[in-house]
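Residue-level structural notes
Here is how the chains run, residue by residue.
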Amino acid sequence: MLLCSCQGNKTNRHERREKISKEKMLLLSLVLILTCNLTAAETQAQQRSHQLLQDLANLYQHRAFQGTPAGETIPAGLTSKATEELAEIYQGASTSAAAVASDTESQPTTSDETVVAGGTVVLKCKVEDPDDSSLQWSNPAQQTLYFGEKRALRDNRIQLVKSTPKELAISISNVVLADEGEYTCSIFTMPVRTAKALVTVLGIPQNPQIFGYELPIRETETAQLTCRSSGSKPAAQLRWKKGNKELQGGAPEVMEDSNGKTFTVTSHVEFTVTKEDNDVEVTCTVDHESLQNSERSTSQKLQVHFKPTATIEPDPPYPREGEELRLQCEAQGNPIPQEFLWTKEGSDVPLNLNTNRVLTLPFLNKSDSGTYICMATSTMGSVVVRYNLDINDFSQLPTPHVHSTPAPSSGPSQFTTHVTMATASSFTPVAVQDASPMSSSSGTYHAVIGGVVAVIVFLLLSLLIVLAHYLIRHKGTYLTHEAKGSDDAPDADTAIINAEGGQASGDDKKEYFI
């Protein structure tokens, strides 16, 4: 311990301040050197050098700022002795820094790992210079798992992968969320060196579920659906699709599960349905890094009720007079119409009212011409469709005309369709172009009948001409019996008697009538 005395004169105080300033500058220089060495050192070596730096600071405080007893002077060897002591401290710090550089070769190294729950993770610890020491793995609870090649914890999920003086690798299979945390690799040198490996366990999200769907949804109504998936870590993402079209959902809601590790994610979507959405699937898909290339989704098929539509199909397509005609009312909708009402325009009496969609006209004639109306009804409303049937005396084939117009109705759910059909009812030998799909055998049959009728008519006309000519050539005068003897008789009675009497004797006069 150094002793100083103050004599109260200005000269001694000045010399003491000068010497203390020199010591202070020397101490500050040493502190700067030690600080640079500590910056390049590792953590455990820093602690050792920090103790040396603390000793140096204590010495500086003692030497530079401690007061000296009154009446004593500063010894002449104060500066040199303090310099020697500080040099020894600096040498110790330098030796410690060199030891730090050597310690890096014995420092174990590890790497952080990420694993999906239920998978397997491998932890590797390596060291360049084991210094004849063994490596050890311990879990986040500081329980030793393996010391070298020796198992320390009885957990069959944990297995030894590799054990050498420079490397220790273990595997943990069927990983659960509780296995997450920092695992420590240690090497038992002097001092003990450690390295940390952070294991992150990904929670696999459960299959999503869709809520809020009510069967059925009426056309133009708004569908409100909710999708929910739990068990993900970190929180998963949800997305919507309707058919092949993406739907924009609302902002997801994330809630922590009761285990404090996983999350439940909820998403909502709204859209207006149309009849084209009937039987279309709405799909909710969960996206998460734990799923890798796989996909988890849930689909809900939409059932949309919409207003019916209808058309009338005639069978045959081109009916003729005398044939049977079947009119079928084809209706579409959801639900499908089950009630059909057949009427004829201008008549107040229904032709048919039941579930039969077919109206049959067994034998067509001109009186069947007119407009036939079919009204199909379901729980979503009614639709009216019309069919115009026209049977005339022309032989040209019918050409159908179909058009749709709004029908007058009491509600907005009724529609009407008009189908016009002109139908030929007789045949005449007028040459027309056949625009219908009728067979060639039918045309040949009608031609044969026409030829036979023409031949018969020609024969009858020829016979009448011959007979008339014969009668004209044999025309003459013919007398009756009353005229015989009338020229010589004085009166009528005598003439009759003479005529009757002369008949027997006049055999040479005979009358012939052809």
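Everything quoted here is computed from the prediction, not taken from an experiment.

1. Regarding the overall build of the chain
From N to C terminus, the chain includes five helices and 27 strands. Per-residue burial over the chain gives 33% buried out of 514 residues. Here the contacts in the chain between residues at least 6 apart in sequence split such that 64% fall between residues at least 24 apart. If you sum the accessible surface of the chain, you get close to 31,800 Å²; carbon and sulfur atoms cover 54% of it.

2. Thoughts on a nonpolar patch on the surface
Taken together, the side chains of Ile449, Val453, Val457, Leu461 and Leu464 present a nonpolar region at the surface, about 440 Å² in accessible area. Along the chain, the position of isoleucine 449 falls in helix α4 (residues 440–473). On the basis of relative accessibility, which here comes to 39%, the residue isoleucine 449 falls in the partly exposed class.

3. Considerations on the state of the cysteines
Any covalent bond linking the sulfur atoms of two cysteines counts as a disulfide. Counted by the stated rule, this structure contains three disulfides. With its sulfur 1.8 Å from that of its partner, cysteine 125 forms a disulfide with cysteine 185. Between cysteine 125 and cysteine 185 the disulfide shows an S-S torsion of about -80°. By sign, it is left-handed. Of this pair, cysteine 125 sits in strand β2 (residues 121–126) while cysteine 185 is found in strand β8 (residues 181–187), placing the two residues 60 residues apart along the sequence. For the pair cysteine 125 and cysteine 185, one class covers both residues: buried. A disulfide bridge connects cysteine 329 with cysteine 374, and the sulfur atoms are separated by 2.3 Å.

4. Side note on the nonpolar core
Burial of nonpolar side chains together is a common tendency in soluble globular proteins. With 21 residues, the main nonpolar core has Leu123, Leu135, Trp137, Ile170, Ile172 and Tyr183 as its most contacted residues. When contributions to this core are tallied by element, the ones reaching two or more residues are β2, β3 (135–138), β4 (144–147), β7 (167–172), β8 and β9 (193–202). Those residues in contact with tyrosine 183 that sit more than four places away from it in its chain are Leu123, Trp137, Ser138, Asn139, Pro140, Leu145, Ile172, Ala195, Lys196, Ala197 and Val199. If you look at the next biggest cluster of nonpolar residues, it comprises 20 residues, including Tyr213, Val265, Val269 and Val282.

5. Section: the sheet that holds strand β16 (residues 263–272)
Spatially, β10-β12-β16-β15 is the arrangement adopted by the four strands of the open sheet, whose pairing is antiparallel. What marks the edges here is a single partner per strand, and that holds for β10 (209–211) and β15 (253–256). On average, each strand axis in the sheet is tilted by 25° relative to the strand beside it, whichever way the strands run. Sheet topology note: the strand β12 (residues 222–232)/β16 ladder contains ten bridges and is antiparallel. Across the sheet, residue threonine 226 finds its bridge partner in β16, namely histidine 268.

6. With respect to the pattern of salt bridges
Under the counting rule described, the total for this entry stands at nine salt bridges. Note that arginine 239 and aspartate 287 form a salt bridge whose closest N and O atoms lie 2.8 Å from each other. Of this pair, arginine 239 sits in strand β13 (residues 237–242) while aspartate 287 is found in strand β17 (residues 281–287), placing the two residues 48 residues apart along the sequence. The shortest N-O distance in the salt bridge between glutamate 295 and arginine 239 comes to 3.2 Å. On the criterion of sequence distance, the pair formed by glutamate 295 in the loop between β17 and β18 (296–301) and arginine 239 in strand β13 is long-range, its members being 56 residues apart. Of the residues examined, glutamate 295 reaches a relative accessible area of 53% and is grouped as exposed. Classification of arginine 239 as partly exposed rests on a relative accessible area of 27%.

7. Digging into the pairing of strand β24 (residues 370–378)
Sheet topology places strand β21 (residues 339–344) next to β24; six bridges connect them, and they run antiparallel. Bridging from a neighbouring strand, leucine 341 pairs with methionine 375 of β24. In this structure, β24 lies alongside strand β25 (residues 381–392), joined through nine bridges in antiparallel fashion. Of the residues in β25, the one forming a bridge with alanine 376 is valine 383.

8. Examining unusual backbone geometry
A cis amide bond, omega 0°, links methionine 190 with the succeeding residue proline 191. Between lysine 233 and proline 234 the backbone carries a cis peptide bond, its omega angle lying at -5°. Mapped onto the elements of the fold, proline 234 is located in the loop between β12 and β13. Backbone geometry places aspartate 131, a non-glycine residue, at a positive phi of 55°.

9. Here we look at the confidence of the model for the chain
The predicted coordinates ought not to be read in detail in places where the model reports low pLDDT. Looking at the chain, the pLDDT average stands at 74 and 61% of residues meet or exceed 70. pLDDT under 50 marks residues 394–442. Its contacts with residues more than four places away, or in other chains, come to 104 contacts.

10. Describing the packing of aromatic side chains
Two aromatic rings are characterised by how far apart their centres lie and by the angle between their planes. Applying the stated criterion to the full structure yields one aromatic pair. Ring plane angle 55° and centroid distance 5.7 Å describe the contact between phenylalanine 147 and phenylalanine 188, whose orientation is recorded as tilted. A residue pair is termed long-range when its members are at least 10 positions apart, and phenylalanine 147 in strand β4 and phenylalanine 188 in the loop between β8 and β9 qualify at 41 residues. Residue class for phenylalanine 188 comes out partly exposed when judged on its relative accessible area of 39%.

11. Side note on the environment of valine 192
Mapping valine 192 onto the fold places it in the loop between β8 and β9. The spacing of valine 192 and serine 133 is 59 residues in sequence and 9.8 Å in space, taken between C-alpha atoms.

Reading the values: rules and limits
- Residues numbered from 1 in each chain as written.
- Predicted model: local features only at pLDDT ≥ 70, side-chain atom pairs only at ≥ 80, totals over all residues.
- Heavy atoms only, no water.
- Helix = DSSP H or I, 4+ residues; strand = E, 2+ residues; numbered from the N terminus.
- Buried < 20%, exposed > 50% of the residue type's maximum accessible area, 1.4 Å probe, protein only.
- Contact = heavy atoms within 4.5 Å.
- Areas by Shrake-Rupley, 256 points an atom, 1.4 Å probe, with all protein chains shown as cover.
- Patch = residues over 30% accessible without salt bridge, like charges linked within 9 Å, V, L, I, M, F, W, Y side chains within 5 Å.
- Salt bridge = Lys/Arg side-chain N within 4 Å of Asp/Glu carboxyl O.
- Disulfide = S-S within 2.5 Å.
- Core = buried A, V, L, I, M, F, W, Y, C linked by side-chain atoms within 4.5 Å.
- Pairing = 2+ DSSP bridges.
- Axes fitted to C-alpha atoms, helices over the stretch in contact; angles between N-to-C directions.
- pLDDT = per-residue confidence, 0-100.
- Phe/Tyr/Trp six-rings, centres within 6.5 Å; stacked < 30°, edge-to-face > 60°.

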